[in-house]
Every structure is written in structure tokens, then in C-alpha cells.
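# Descriptive structure summary
Next come the chains, spelled out residue by residue.
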Amino acid sequence: MPRLSEVIAALDALWPPASAEDWDAVGTVCGDPDQEVSRVLFAVDPVQEIVDEAVKLDADLLVTHHPLYLRGTTTVAASNFKGRVVHTLIKRDIALHVAHTNADRADPGVSDALAGALDLRVVRPLVPDPTDADGRRGLGRVCELDHPLTVREFAARAAERLPATAQGIRVAGDPEALVRTVAVSGGSGDSLFADVRAAGVDAFLTADLRHHPASEARAHSPLALLDAAHWATEWPWCELAAAQLDEISDRHGWDLRVHVSKTVTDPWNSHSPSPGAPN
């Protein structure tokens, strides 16, 4: 079995920590570099529910997309929920490793997985990484559909292909407009509207769209907006990342058992449509 340090080195080669945003907190949160790893669990959120799942699986390593501590802390006391997560992990000898914006920028990365889930052909990054001479890394992806769909049909595809959430897919735009090209960005994407407009795409699928940026984007152009749940747009990366680690394990003869959590950790768990609201 490989040591944790060997597995982390392989993960860091996939998602170099140096490529993360300056404000981000990626890397190993807890874990003994010399401990052996035989079972790994991938998930979006490092919440107690996921940690309990790792315990039940007898996992040695939990890899999440979202950081546990994005800002500094002065305590890991078990009297708060993040402290309880740390205590559970350490007591059960489970390491926690985070790949966040470094996984967003990677090739392949979070938005590649999102495009794959929607059956889209990736053309290029939406916001290219200037350090990548090959032009493959960066934030978001500009994609093409295999054949044109209406906005209504594309939204239905997204609702069907992405994990089910209470929110589903919110849409802004003409439901009958044709979509041939799409920009996608896993996670919160309304900071990318200028790049989306510059890309000249027909639609933009992302998450966490706020009122004012969305309203202004619609005023700028007939761009269709599709707003999915944050968790749902990033969960496909877990399957991609697990497959990447499986391939590395096979190549090195590690015989790792790699799992993807299907636990829905989207915080919204129900939805009551307004009477008479447009469908």
C-alpha cells in the first residue's frame, strides 16, 4: 500500500497547489504523511455527514473540493462543527486533502467534468491560464453542442444529467432560442460575465447567479443563463478525480479502492414553487 505522502504527491501533480487562487486554502488539512492508504473517498464538501461516511467506509483519505478552513482559525475545539470534523478525522486516522481552485484551473478540471456530464465538446478555457503555453488550463470552458437545442431543451438536459437538487435549473432567457455554443463554469460563476460575453456564446451554465449581475448580463445581450445548484455543478468532478486516481493506482500497482460519495450536501433540501409562476 502507498503512504499518504505518495498519494498526495500524485494528487498535487494533477492539481498543483501553486495554481490555486491566492485567497484559497488547498492541500492537506490533516493526516500523517507516513500512514498507509488503501481506501479513498471523494466528495464536494468536508461536512460531518461526509466524514461519517468516510468512517463507515473505513477510508484512510478523504479528498474534497471545498476547503474546511477557507479563512484562518484559532481553534479546532470539538464544540464547533468544523472542530468536530477535525476530531473525527484524527481519531479515525483519516487524512483530509483539498483541491479547490487548483482543480478548477486544471486540465482536465472541474468545468471539464461539468461539460462531460452535459455531453458538451470542450473547445477551450473560458479564462485561459496565461502560464499554460498549450492553452488548455484555466477557469471555465467554452463548449459546443453536438446539435443545436432550444434553451428549454438544454435546460431539460442539464436537469436530467446533473445530480438532482431542490433547486433544479433556473433559466433566464427566451426558452425557444437556439443554443449551439455554451460557456460552463462549475461553482459560482457570475464574476465571469465579461469573459462569457467576450466568448460570444449562446448560453452560460453555472451556479450561484445573483440578481444584479444576472439582470445586467441579460441587459447586455440575449445570452441565456442557466443557474444550477453549486454542489451539482461540482459533483461531476468527484467522478473524474476518482477515475484519475484509479488510473494512477493501477499504474503504480497500489490497488487503491476509490469511492465517490453520492450524499447530497447541497444545503437547500426543498422547494415550493410560487403559484402561477412560469415553468
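As the structure is a computational prediction, the values presented were derived from the model and not from experiment.

### Details of the layout of surface pockets
In this model, the second largest pocket occupies a volume close to 190 Å³. Contributing to the lining of the second largest pocket are 16 residues, with V201, D202, P222, L223 and A224 lying nearest its centre. Contributing elements (two or more residues each) for the lining of the second largest pocket: strand 8 (178-188) and helix 7 (193-199).

### Side note on the sheet that holds strand 6 (residues 138-150)
Strand order in the open sheet formed by six strands is 5-6-8-9-10-7, with mixed pairing between adjacent strands. The open sheet is flanked by strand 5 (121-128) and strand 7 (169-172), the only strands paired with a single partner. Recorded for the sheet is a direction-independent mean angle of 25° between the axes of neighbouring strands. Where helix 5 (residues 110-117) meets the sheet, its contacts fall on strand 5, strand 6, strand 8 and strand 9 (203-207), and the angle it forms with strand 8 comes to roughly 135°.

### A look at the nonpolar core
Counting residues in each nonpolar core, the largest one holds 52 residues, and the members touching the most others are F42, L61 and W237. Every residue in contact with W237, bar those within four places of it in the chain, is listed here: W15, V63, T64, H65, A99, A103, G109, V110 and A113. Listed in part, the 15 residues of the second largest apolar core include C30, L62, L68 and L96.

### Concerning the pattern of salt bridges
Taken as a whole and assessed by the stated rule, the structure comprises 14 salt bridges. R136 is the partner of D107 in a salt bridge, and the nearest nitrogen-oxygen pair spans 2.7 Å. Here D107, found in the loop between helix 4 (101-105) and helix 5, pairs with R136, found in the loop between strand 5 and strand 6; they are 29 residues apart in sequence, far enough to count as distant. On the basis of relative accessible area, R136 is assigned to the partly exposed category, the value being 49%. If you follow the salt bridges from partner to partner, you end up with R3, E6 and D34 in one network.

Cut-offs used in this document
Every residue gets a number counted from 1 within its own chain, in the order that chain's sequence is written. Selection of residues for local features in this predicted model requires a pLDDT of at least 70, selection of side-chain atom pairs for listing and counting requires 80 or more, and totals for whole chains, interfaces and linings are taken over all residues. For the side-chain quantities, the full set of heavy atoms in the structure was used; hydrogens and water were omitted. Cavities and pockets are found on a 1 Å grid laid over the protein atoms alone: a cavity is a set of points where a 1.4 Å probe fits but cannot escape, a pocket is an open set with protein on both sides within 12 Å along at least five of seven lines, and a lining residue has an atom within 4 Å of such a point. Grid points are joined across faces, edges and corners, and a volume is the space filled by probe spheres set on the points. Where helices and strands are cited, they refer to DSSP runs of H or I of at least four residues and of E of at least two residues respectively, numbered from the N terminus. In short, DSSP must find at least two bridges between two strands for them to pair. For helices, the fitted axis covers only the stretch in contact; all axes are lines through C-alpha atoms, and the angles between them, taken along N-to-C directions, range from 0 to 180 degrees. Only heavy atoms enter the contact rule, under which two residues are in contact if any of them lie within 4.5 Å. In this text, buried Ala, Val, Leu, Ile, Met, Phe, Trp, Tyr and Cys residues form a nonpolar core when linked through side-chain atoms within 4.5 Å. Buried, partly exposed and exposed residues are distinguished by accessible area as a fraction of the type maximum, computed with a 1.4 Å probe on protein chains only: under 20%, between the cut-offs, and over 50%, respectively. Think of a salt bridge as a Lys or Arg side-chain nitrogen and an Asp or Glu carboxyl oxygen that are within 4 Å of each other.

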